[in-house]
Amino acid sequence: MDVFSDPANLQLYIDGFLMILKLTGASTLLALVLGLLLAACRVSPVPVLRAFGAGWVHLFRNTPLTLVILFCFFGLYSAVGVEFSDDLHINNYWLAVTGLSAYTAAFVCEAIRSGINTVPLGQAEAARALGLTFTQNLRLIILPQAMRSVVAPLGSIVIALTKNATIAGVIGVPEASNSMKTLIEARGDQTIAIFAVFALTFVALLVPVGYGFSALANRLMVRR
Amino acid sequence: MSHEPLIVLDAVNKWFGDLHVLRDVSLTVDRGEVVVVIGPSGSGKSTLCRAVNRLETINSGTIRFDGKELPAEGRSLAKLRSEVGMVFQSFNLFAHMSILDNVMLGPVKVRGESKAVARERALALLDRVGIANQADKLPVQLSGGQQQRVAIARALAMQPKAMLFDEPTSALDPEMVGEVLEVMTSLAKEGMTMIVVTHEMGFARAAADRVAFMADGQLVEQAPPAEFFGNPKSERARDFLSKVLQH
């Protein structure tokens, strides 16, 4: 294990996981917002919006994430010219966040949509009978109840997203799996130990996340 | 009672697929009048009630409320619904909100009233239906009868021009039916315009100005309660009454 006693190597390990957290943080936020909007589209009375939501879900849920991330770099950036920053590293980071969010939003959308289906029809009818508009109904009655019932599945999606953030490595974002590869290339004699440390760090980060979401799900559950 | 029509259904027809659930139904309810709709299950009573605030659309005919035909959709429909209170069989209180918030929601979000004003009226209404001391609880913590009384308060908070009751006591334990009917009876006495779909014949006798009897999607006959229960004109009504009143 003396590979990590070298301060430069230790820094590589720490930076790799900090990058995973930064990718996950930004992508979680964006994916939640986008997923919520897509779910609203999918249940809206407007056919164009429904088709848009369904199209997004079918496209991103059924495309490999590696492909999505590569497209963000070679398609969005190189071919189309979408640029977030002059700094290559910052630019790559946001391109990766774009891909991760677009992909994860499809799963968030479907989780929320299944949550909407758990809300009894009578809730929406009572809201309509009071004179609430469709958007008020969704915002004040349906989504608050739907979101509470999908906290646990959203937890699984966040956990998957954290692990998926390693794919940002394919466009050169210096995240944990890139750090690991660099270390293995430098210290082939300690391959197993290096693998173990990286794997266990993921486990140590994500087990509490799983428990946290379960506890939250229990607390927020709507009792009927 | 003035004879000023508030709710007017004219030759209303509705199909669910092949099933003709409302057949040429025409019914006028005057301001301040209480019309109790009775009839066997599947006769179209609930559909009729729900059509009045367009929770059910109709296939032909017209429904006018307060002089205007029901809007098809959008904001004008939402506005119409805000003027018609509705009480459901299954209460449908918003499960994630406190009792007080349930009653305040409409006035604040639909009417744009200040929270202070809405809160004051909500508490007064909860007091009126006997639930004031439970204002901070969640719906699930209340009994069925209490939930239904809150649902009535929630509808009244909008200061509606009319109230629709769709089998309000059918989902209640027998010992809780009385408390809900009591609130409804006092509303009727105060001159609220009401359409009540129910199986409670006692309520129909005591509180109705008129009983409307439906069978197989048709409005078979309508008469003041004493006349209807004492001397039903149609064979269908006589048959129905003989089954529900013999015990």
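Preceding this paragraph is the structure being described.
Calculation criteria
- Just so you know, the residues in each chain are numbered from 1, in the order the chain's sequence is written.
- Labels are handed out in written order, letters beginning with A for the chains and numbers beginning with 1 for the ligands.
- Reporting in this predicted model follows two pLDDT cut-offs: at least 70 for local features of residues, and 80 or more for side-chain atom pairs to be given and counted; totals over whole chains, interfaces and linings ignore these cut-offs and use all residues.
- For the side-chain quantities, the full set of heavy atoms in the structure was used; hydrogens and water were omitted.
- Strands here mean DSSP runs of E at least two residues long; helices mean DSSP runs of H or I at least four residues long; both are numbered from the N terminus.
- To estimate the expected span of a helix, count its residues, drop one, and scale the result by 1.5 Å.
- Under the rule applied, a polar contact is a pair of N or O atoms within 3.5 Å (in protein, one hydrogen donor and one hydrogen acceptor; residues adjacent in sequence only if both atoms are side-chain atoms).
- Cavities and pockets are found on a 1 Å grid laid over the protein atoms alone: a cavity is a set of points where a 1.4 Å probe fits but cannot escape, a pocket is an open set with protein on both sides within 12 Å along at least five of seven lines, and a lining residue has an atom within 4 Å of such a point.
- Grid points are joined across faces, edges and corners, and a volume is the space filled by probe spheres set on the points.
- Three categories are distinguished: nonpolar for Ala, Val, Leu, Ile, Met, Phe, Trp, Tyr, Cys and Pro, charged for Asp, Glu, Lys and Arg, and polar for the others, with Gly belonging to the last.
- Only buried residues count toward a nonpolar core. Its members are Ala, Val, Leu, Ile, Met, Phe, Trp, Tyr and Cys residues joined through side-chain atoms within 4.5 Å.
- Each residue is assigned to one of three classes by its accessible area relative to the maximum for its type, calculated with a 1.4 Å probe on protein chains only: buried under 20%, partly exposed between the two thresholds, exposed over 50%.
- Whether two residues are in contact is decided by their heavy atoms, any of which lying within 4.5 Å being enough.

Undergrad: Would you mind showing me how to read helix 1 (residues 7–43) of chain A here?
TA: Count 3.6 residues to each turn of an α-helix, and residues three or four apart come out pointing the same way. Relative to the 54 Å expected for 37 residues at 1.5 Å per residue, helix 1 of chain A spans 53 Å between its end C-alpha atoms, a close match to the ideal helical length. By the N-cap criterion, in which a side-chain oxygen at the helix start approaches the backbone nitrogen of a residue two or three places on, helix 1 of chain A is capped by Asp 6 of chain A, the distance to Ala 8 of chain A being 2.9 Å.

Undergrad: It is not clear to me how the layout of surface pockets should be interpreted in this structure. Could you clarify?
TA: Gaps between atoms show up when a probe of the same size as a water molecule is rolled over them. Taken as a whole, the largest pocket spans an internal volume of roughly 750 Å³. As for the largest pocket, its lining consists of 28 residues, and the residues nearest its centre are Pro 45, Arg 128, Phe 134 and Asn 137 of chain A together with Arg 81 of chain B. Elements with a contribution of two residues or more to the lining of the largest pocket: helix 5 (121–130) and helix 6 (134–149) of chain A together with helix 2 (74–82) of chain B. At five residues, the largest contribution of residues to the lining of the largest pocket is made by helix 2 of chain B. Looking at the lining of the largest pocket residue by residue, the class counts come to 15 nonpolar, five polar and eight charged. By volume, the second largest pocket amounts to about 210 Å³. Residue lining of the second largest pocket: 13 residues in total, with Gln 123 and Arg 224 of chain A together with Ser 90, Leu 93 and Gln 147 of chain B positioned closest to the centre. Looking at the lining of the second largest pocket residue by residue, the class counts come to six nonpolar, five polar and two charged.

Undergrad: Before we go on, may I ask you to explain the nonpolar core in this structure?
TA: One recurring pattern in soluble globular proteins is that nonpolar side chains are buried together. Counting 60 residues, the largest nonpolar core has Ile 141 of chain A together with Ile 7 of chain B as its most contacted members. The contact partners of Ile 7 of chain B, leaving out residues within four places of it in the chain, are Leu 27, Thr 28, Val 29, Val 52, Arg 64, Phe 65, Ala 162 and Ile 195 of chain B. Core analysis: the second largest hydrophobic core is formed by 54 residues, Leu 142, Ala 153, Leu 156 and Ala 208 of chain B among them.

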